[in-house]
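Listed below are the residues making up each chain.
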Amino acid sequence: SDVCSSDLDDPRVLRCVGSIFGQCQVYQWHHIRDRLMENKPLTPERIEELAHHVCEFSLAGIRNLAQQSRSV
C-alpha cells in the first residue's frame, strides 16, 4: 500500500503528520522565522508563500515515500 492510502495508524502516516506539524511550528517561533525570512515582515502574502512551501515540500516527501513503498 502507499502512504496516501494507508490507515491512520500506519507509522509512516503519523511520521508525515509530525513532519508537517514540525514545519508549521518552526515558522511560529519568531527568532527562527525572522532568520529564515531575513527579518521581512510577516504579511498575508508571506504567510501564503510559506504555506505553499510547506505544502509543496511535504507532498514531494509523501509522494517519495509512496513510490518507495510501491517498489518494495
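Q: What is the right way to read the side chain of Ser 58 from this model?
A: Among the structural elements, Ser 58 can be located in helix H3 (residues 44–71). A polar side-chain atom of Ser 58 sits 2.9 Å from a polar atom in the side chain of Gln 23. Filtering out sequence-adjacent residues up to four positions away, Ser 58 remains in contact with Ile 20 and Gln 23.

Q: What am I meant to see in the packing of helix H1 (residues 11–26) against H3 here?
A: A pair of packed helices can be characterised by two numbers: the angle between their axes and the separation between those axes. For the pair H1 and H3, the least separation of the axes is 10 Å and the interaxial angle reads 160°. Put simply, H1 runs roughly antiparallel to H3. Here H1 and H3 pass one another in a crossing that is right-handed. Counted together, Arg 12, Cys 16, Ile 20, Gln 23 and Cys 24 of H1 and Val 54, Phe 57, Ser 58, Ile 62, Leu 65 and Ser 69 of H3 form the full contact between these two elements. Its residues assigned to classes, the contact of H1 with H3 shows seven nonpolar, three polar and one charged.

Cut-off values and rules
- Every chain's residues receive numbers from 1 upward, in the order its sequence appears when written.
- Reporting in this predicted model follows two pLDDT cut-offs: at least 70 for local features of residues, and 80 or more for side-chain atom pairs to be given and counted; totals over whole chains, interfaces and linings ignore these cut-offs and use all residues.
- Excluded from the side-chain calculations are hydrogens and water; all other atoms, namely the structure's heavy atoms, are used.
- We count a stretch as a helix when DSSP gives it H or I for four or more residues in a row; a strand needs E for two or more, and each element gets its number in order from the N terminus.
- The term polar contact refers here to a pair of N or O atoms within 3.5 Å; inside protein, the definition further demands a hydrogen-donor-capable atom paired with an acceptor-capable atom, and it admits residues adjacent in sequence only when both atoms are side-chain atoms.
- Only heavy atoms matter for contacts: two residues are in contact if any of them lie within 4.5 Å across the pair.
- Each axis is a line fitted through C-alpha atoms, and for a helix only the stretch in contact is used; angles between axes span 0 to 180 degrees, taken between their N-to-C directions.
- Angle categories are assigned with fixed cut-offs, so that under 35 degrees is roughly parallel, over 145 is roughly antiparallel, 65 to 115 is roughly perpendicular, and the rest are oblique.
- Crossing handedness is read from the near helix: turned anticlockwise from the far helix by less than a right angle, it gives a left-handed crossing, and turned clockwise, a right-handed one.
- Each residue is assigned to one class: nonpolar for Ala, Val, Leu, Ile, Met, Phe, Trp, Tyr, Cys and Pro, charged for Asp, Glu, Lys and Arg, and polar for all the others, Gly among them.

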